[in-house]
Amino acid sequence: SCCRRLFHALCAGNMDEHQRTGECGQAACEQIPSAATQAAQAAEAFGASELQAVPQAQNAALSRRELPRLEDSEQLRRDLEDILNNNLADSTRKMYHGHMTHFIEFLYARDDDFGLITAALKEDIEAEEGRKTADNLPSLPYLHQILTQRNPIPIDMVKFTGEHFMFWITHLLRQKPDLAFATCGTYRSALMYLLHLYRVPELKFTEVQSELSRSFVELKEKCNRKPARNRSVEVTMGKDPLPFAVYQVLGTVMLAKAEREFIWGRTFMVLSWNLMSRSSNTAALMYNHLDFANDAFQFYINHQNNDQAGERARDPKHVYANTCNPAICPILALGIYWLMFPPNHPTSGGRLFPGSNQYERFKKLFSQRLLRDSEVLEALENNALHVGDLGTHSIRKGSATYTASGTTFGPSITAICQRAGWKMGIIQDTHLRYERAGDQQVGRTCCGLPTDRPEFAALPPMFWCENREGREAINEVMDQVYPHVRENARLRTLVEQSLASVVYHETFLRKVMPRNHPLFRTELFIHQGYLDTLKKWVTTEAHGRVPTGITPHTSIMQDLAELKGQVMEMKNLMMTMAGGRGATDGIHPSAGQWGGPPGAVASEMTVTATGNNSRDSRVNAVTVSGDFVQNVLDSQSRMLHSQSRLLEAQNRFNEKMDTLLIRTEQGRVSNTGIRQIPDEAGTGMPLPRSIHGGSAMDSRSAHISPASGSLAAMPSGSGGGTGSQVDACKFEWGGNTTRSMYMIYHFGHAETKLPPFKSLRGKDFPTKSDGKRHSDLKFMVRMIDAEASALGIYKANPNRREADFIFDHCENYLFEQYQRVTGAIPAQEDVSNFSLLCWLTVVAVLRPKERIRKRRRVDRSCNER
């Protein structure tokens with residue numbers, strides 16, 4: 001097929017002028033024999049014997065086909081150039097162009113000495129004004145342009161030698177005495193790119209490369225001697241590796257930030273640490289690069305230093321959960337991220353971090369904001385670091401350093417190099433190859449699991465249920481919280497595992513995160529019953545799972561920990577049966593006392609307890625027969641049975657007390673004329689005393705302190721009546737998305753125990769501002785209902801699944817109206833950004849301007865009064 005395309009291109013190149021102007025292509029067909037001859041000669045030059053003879057029948061068939069136009073030939077050439085230049089990233093190519101423009105400028109200024117500037121470049125510079133600077137040198141933008149277009153050729157490659165390049169390096173060293181050798185190496189790579197760009201013959205290319213190799217050996221010795229002679233030159237080069245202690249602080253600080261940008265940045269940082277990848281590789285992750293196996297997430301990286309062609313992409317990197325330190329747990333980070341930024345959104349383009357330049361976004365967040373936080377600065381000071389010592393590449397360095405040297409029993413250096421994508425010479429693919437066990441140990445170590453404790457073999461949280469009803473309940477919550485992963489079984493498994501981590505660490509998250517964190521405004525937290533349903537099924541037990549990537553000594557530590565627990569349990573049981581005496585009091589029952597034959601040594605065991613209070617503590621031996629142990633176990637069983645009966649009695653007592661308090665409250669409420677909250681069945685459910693502002697109905701209930709500037713919970717019935725009740729629980733209007741507020745309107749708010757907002761009216765709220773917010777919410781819901789009616793999917797009282805379906809089909813309508821008012825340029829990313837906007841922003845844009853101005857006039861007049 002390539003030969004056929006080449007033949008067509010040559011035919012198109014020999015078309016006469018009249019055929020190019022649109023006349024019949026018959027005359028062009030007469031050129032086919034000569035074109036075929038040229039194609040055969042070209043094929044012979046390239047060693048393609050398949051084109052040496054073209055049968056006449058094939059020529060006739062080609063003559064009847066439509067010949068490619070000249071524009072197609074040009075496009076073919078451009079496509080070929082893209083393929084040949086695909087070995088560099090755009091940012092690297094731009095950097096090389098910048099270096100070579102300065103090099104060409106240096107040669108142009110000394111053309112009288114070197115004579116390397118071509119006549120074509122001189123003529124092109126003189127042909128148009130503005131291509132020279134005031135110093136009579138070519139301007140840098142012009143030089144960048146000719147390098148991009150590759151025309152004209154700026155340097156005479158026949159006369160050029162490596163010595164000319166070393167003159168430029170010497171010039172730079174004179175201007176910058178502290179110029180690092182690594183920077184000189186970058187300039188050398190840019191020169192090799194320039195020679196490749198202008199297709200320098202292989203012999204000339206090898207000659208220049210060999211000459212520079214000899215020169216750079218001496219240059220390296222000179223640069224390495226600078227720190228010994230000049231105290232202003234630093235010994236270390238590049239950024240320092242990120243210490244694990246600072247990494248933990250960064251994870252905790254970012255977790256406590258209530259901004260969405262830090263939620264995104266924390267996930268990006270934690271994944272970069274666990275994958276040991278460059279930030280650019282992390283930014284390029286897609287959802288089809290993720291998988292799940294047994295107890296670990298698997299990430300496939302398609303491009304690394306040791307795999308430029310992407311041939312090793314089949315080797316996954318295993319990422320594990322860290323239940324011991326949730327602040328740096330990658331699975332928990334993904335769970336929080338996917339609750340805030342819906343996974344596999346249609347506008348994401350399949351990217352885990354959608355956007356045009358996510359690397360620069362993280363670089364600015366990390367260097368300009370995160371490293372300047374007060375807690376982070378204190379951690380840097382404790383580790384003898386400054387802000388300028390760390391960069392985005394420090395994460396990759398720190399992860400590899402901690403994995404290799406953070407423990408005395410770390411993974412092999414081969415597994416670390418393969419995970420980080422570092423080359424190990426020709427032995428990498430010949431003798432030292434990838435194996436899952438080595439990468440799994442690397443994954444467990446770099447995620448922060450303690451290597452010296454049994455928790456190194458910890459399993460991630462999961463949902464486990466033995467009946468179909470439990471699985472259906474979990475699936476229902478999953479469908480509501482993650483509507484875009486229903487059809488993707490692999491992604492659904494990943495999302496479910498991350499959701500289990502969020503549910504498992506809920507207490508930790510509420511302790512670390514501020515109360516106004518956007519995570520607590522997601523559908524998982526605002527809908528009543530979602531968390532309670534999932535908590536019943538979350539577990540970290542094995543249930544058929546086998547920990548992978550653990551070391552032999554970890555298994556031994558697990559057995560020792562289990563044995564220690566059994567011994568301590570047995571000791572406590574024996575101390576209990578001995579009459580409550582302590583371990584140092586001594587127990588000496590005879591074997592015959594418990595029914596065993598005296599002197600039956602084989603059926604006895606001895607427990608020795610040693611006091612630790614003094615150096616000469618008394619050591620007591622406890623000789624216990626086998627029957628004694630059985631009696632201990634029987635007695636313990638009876639005690640447990642009695643304890644369970646006491647718990648049942650206590651629960652019955654609590655239920656009766658709750659019922660009595662509710663009846664008492666009902667009588668008080670009915671006497672005072674205060675309305676009741678209608679429950680889901682439509683019956684009037686009396687309010688607990690805590691809602692009416694009285695004392696707490698149940699002392700075991702958690703008390704949430706009020707926050708200033710927020711809505712007080714105002715339960716109200718759908719009927720008439722006046723008056724409002726203030727609750728200690730507060731609801732924050734701001735920070736919620738349009739989807740969240742639509743669900744709160746229909747189903748209420750679980751965190752603050754608020755009823756559905758559609759059952760409330762403006763006068764039920766304590767302040768006028770809260771009433772206006774409620775009016776704005778009703779305006780937004782009316783817009784959604786109007787679009788739903790037009791689509792024929794309107795429901796007055798939808799259930800959760802129906803409400804989710806209605807909003808999904810009406811969100812595009814809101815976005816179109818928002819786009820029409822704001823005049824935003826349609827783009828694929830705008831839809832996803834719109835879904836993350838605060839609902840107050842959307843309403844402020846969509847609400848009629850006249851009504852807003854009228855409201856402002858009313859507010860102004862009220863303030864004047």
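Just so you know, these numbers come straight off a predicted model, no measurement behind them. Counting of residues starts from 1 at the beginning of each chain's written sequence and follows it residue by residue. At least 70 in pLDDT is required for a residue's local features to be given in this predicted model, at least 80 for side-chain atom pairs to be given and counted, and no such filter applies to totals for whole chains, interfaces and linings, which use all residues. Remark: hydrogens and water are excluded; side-chain values derive from all non-hydrogen atoms of the structure.

### Points about the overall build of the protein chain
What the protein chain contains, in helices and strands, is 37 helices and 11 strands. By definition, residues are in contact when any of their heavy atoms lie within 4.5 Å. Considering only residue pairs separated by 6 or more positions, the protein chain has 70% of its internal contacts joining residues 24 or more positions apart. For the area figures, the Shrake-Rupley method with a 1.4 Å probe applies, and any residue is considered shielded solely by the protein chains shown. Carbon and sulfur atoms make up 51% of the accessible area of the protein chain, which amounts to about 46200 Å² in all. Helix and strand definitions follow DSSP, with helices as H or I runs of at least four residues and strands as E runs of at least two, each counted in order from the N terminus.

### Some thoughts on the packing of aromatic side chains
Ring pairs shown here join Phe, Tyr and Trp side chains whose ring centres sit within 6.5 Å, with only the six-membered ring taken for Trp; geometry is labelled stacked below 30 degrees between planes, edge-to-face above 60, and tilted in between. Evaluation of the coordinates by the stated rule reveals 28 aromatic pairs. Aromatic side chains W264 and F353 sit 6.1 Å apart centroid to centroid with 85 degrees between the ring planes, which places their arrangement in the edge-to-face category. Of this pair, W264 sits in helix α16 (residues 260-275) while F353 sits in the loop between α18 (330-340) and α19 (358-369), and the two are 89 residues apart along the sequence. Across the pair, F353 and W264 agree in class, each one buried. Classification of residues uses two cut-offs on accessible area relative to the type maximum, computed with a 1.4 Å probe and protein chains only: under 20% is buried, over 50% is exposed, and between them is partly exposed.

### As for the sheet that holds strand β3 (residues 317-319)
Strands are treated as partners if at least two bridges between them are detected by DSSP. Taking strand neighbours across the sheet as the criterion, the 3 strands line up as β1-β2-β3 in an open arrangement whose pairing is antiparallel. If you trace the sheet from one side to the other, it starts and ends with β1 (290-293) and β3, each paired once. Averaged over all adjacent pairs, the angle separating strand axes in this sheet is 35 degrees, with direction ignored. As judged from the 4 bridges shared by β1 and strand β2 (residues 296-299), these two strands associate in the antiparallel manner. For L290, the partnering residue across the bridge sits in β2 and is F299. The strands that α18 touches are β1, β2 and β3; relative to β2, the one it contacts most, it runs at about 75 degrees. Throughout, an axis means a line fitted to C-alpha atoms (over the contacting stretch in the case of helices), and angles, computed between N-to-C directions, take values from 0 to 180 degrees.

### Thoughts on helix α22 (residues 413-420)
In terms of burial, α22 is a largely internal element, 7 of the 8 residues being buried. Regarding α22, the residues found buried are T414, A415, I416, C417, Q418, R419 and A420. Where α22 ends, the next residue or the one after it, G421, has phi of about 80 degrees, a positive value.

### A few points about a nonpolar patch on the surface
Each patch groups residues whose relative accessible area exceeds 30% and which form no salt bridge, using 9 Å between like charges and 5 Å between nonpolar side chains of Val, Leu, Ile, Met, Phe, Trp and Tyr. Each salt bridge in this description consists of a side-chain nitrogen of Lys or Arg and a carboxyl oxygen of Asp or Glu lying within 4 Å of one another. Together, I426, I427 and L432 give the surface a local cluster of nonpolar side chains, amounting to about 280 Å² of exposed area. Position of L432 among the secondary structure elements: in the loop between α23 (427-430) and α24 (436-446). Taking the relative accessible area as the measure of exposure, L432 reaches 32% and is therefore partly exposed.

### Quick notes on helix α36 (residues 839-846)
For α36, every residue scored as buried is listed here: W839, V842, V843, V845 and L846. Take α36 and look down its axis: the buried residues cluster within an arc of 165 degrees, on one side only. Read the arc as the range of directions from the helix axis to the C-beta atoms.

### Description of the environment of F297
Looking at the element boundaries, F297 is found in strand β2. The exposure class assigned to F297 is buried, which follows from its relative accessible area of 1%.

### Comments concerning the side chain of T451
The topology assignment puts T451 in the loop between α24 and β4 (462-463). In contact with T451, other than residues within four places in its own chain, are T407, T445, F456, H553 and M557.

### Examining empty space enclosed by the protein
Cavities and pockets are found on a 1 Å grid laid over the protein atoms alone: a cavity is a set of points where a 1.4 Å probe fits but cannot escape, a pocket is an open set with protein on both sides within 12 Å along at least five of seven lines, and a lining residue has an atom within 4 Å of such a point. Grid points are joined across faces, edges and corners, and a volume is the space filled by probe spheres set on the points. On inspection of all chains with the given rule, the structure shows 5 cavities of 30 Å³ or more. Here the largest cavity is characterised by a volume of approximately 340 Å³. Together, 24 residues line the largest cavity, and L339, P342, E523, T737 and R739 are the ones closest to its centre. Secondary structure elements with two or more residues in the lining of the largest cavity: α18, α28 (523-526), α32 (738-747) and α34 (800-822). Just so you know the grouping, Ala, Val, Leu, Ile, Met, Phe, Trp, Tyr, Cys and Pro go in nonpolar, Asp, Glu, Lys and Arg go in charged, and all remaining residues, Gly too, go in polar. Class assignment of the residues belonging to the lining of the largest cavity gives a composition of 10 nonpolar, 9 polar and 5 charged.

### Some remarks on the pairing of β2
Side chains of β2 alternate between two faces, with A296 and Q298 and F297 and F299 buried alike. The pairing of β2 with β3 spans 3 bridges and is classified as antiparallel. The partner of F297 across the bridge, within β3, is V319.

### Quick notes on the pattern of salt bridges
Counted under the stated rule, the structure contains 20 salt bridges. For R361, the salt bridge goes to E261, with nearest N and O atoms at 2.9 Å. With R361 in helix α19 and E261 in helix α16, this pair connects stretches of sequence that are 100 residues apart. Overall, E261 belongs to the partly exposed group, its relative accessible area being 25%.

### Notes on the nonpolar core
For this analysis, a nonpolar core means a set of buried residues of the types Ala, Val, Leu, Ile, Met, Phe, Trp, Tyr and Cys, connected via side-chain atoms within 4.5 Å. If you look at the biggest cluster of nonpolar residues, it comprises 83 residues, and the most contacted ones within it are I336 and W338. The leading source of residues in this core is α16, at 9 residues. Apart from the residues lying within four places of it in its own chain, the contact partners of I336 are L255, I263, R266, V502, L509, M513 and L519.

### Quick word on the confidence of the model for the protein chain
Per residue, pLDDT measures the predictor's confidence, with a range of 0 to 100. Within the protein chain, residue pLDDT values average 75, and 68% of them lie at 70 or more. Contacts from residues 825-829, a stretch scored under 50 in pLDDT, to residues over four places away or in other chains number 8 contacts.

### Quick notes on the environment of T267
Within the secondary structure, T267 sits in helix α16. T267 sits in the buried class, given a relative accessible area of 1%. Distance from T267 to L334, taken between C-alpha atoms, is 6.3 Å for residues 67 residues apart in sequence. In this structure, T267 is in contact with A333, L334, Y337 and F353, ignoring residues within four places of it in sequence. As used in this structure description, the phrase polar contact means that two N or O atoms lie within 3.5 Å; if the pair is within protein, one of them must be able to donate a hydrogen and the other to accept it, and residues adjacent in sequence are counted only when both atoms belong to side chains. At a separation of 3.4 Å, a polar atom in the side chain of T267 contacts the main-chain carbonyl oxygen of A333.

### Quick notes on the packing of α32 against α34
Where α32 meets α34, the axes come as close as 11 Å, and the angle between the chain directions of the two elements is 145 degrees. The handedness of the crossing between α32 and α34 is right-handed. Here T738, R739, Y742, M743 and F747 of α32 lie close against α34, whose contacting residues are R800, A803, D804, I806, F807, D808 and E811. Among the residues making up the contact of α32 with α34, the classes are represented as 6 nonpolar, 1 polar and 5 charged. We call a crossing left-handed when the near helix sits turned anticlockwise from the far one by less than a right angle, and right-handed when that turn is clockwise.

### Details of the state of the cysteines
Put plainly, a disulfide is one covalent bond tying together the sulfur atoms of two cysteines. Counting rule for disulfides: a pair of cysteine sulfur atoms within 2.5 Å. Throughout the structure, instances matching the rule amount to 0 disulfides. Lacking any disulfide linkage, C447 is separated from the closest cysteine sulfur, that of C446, by 6.2 Å.

### Topic: the side chain of R419
Here R419 shows up in helix α22. Reaching out from R419, the side chain makes a polar contact with the backbone oxygen of H318 at a distance of 2.7 Å.

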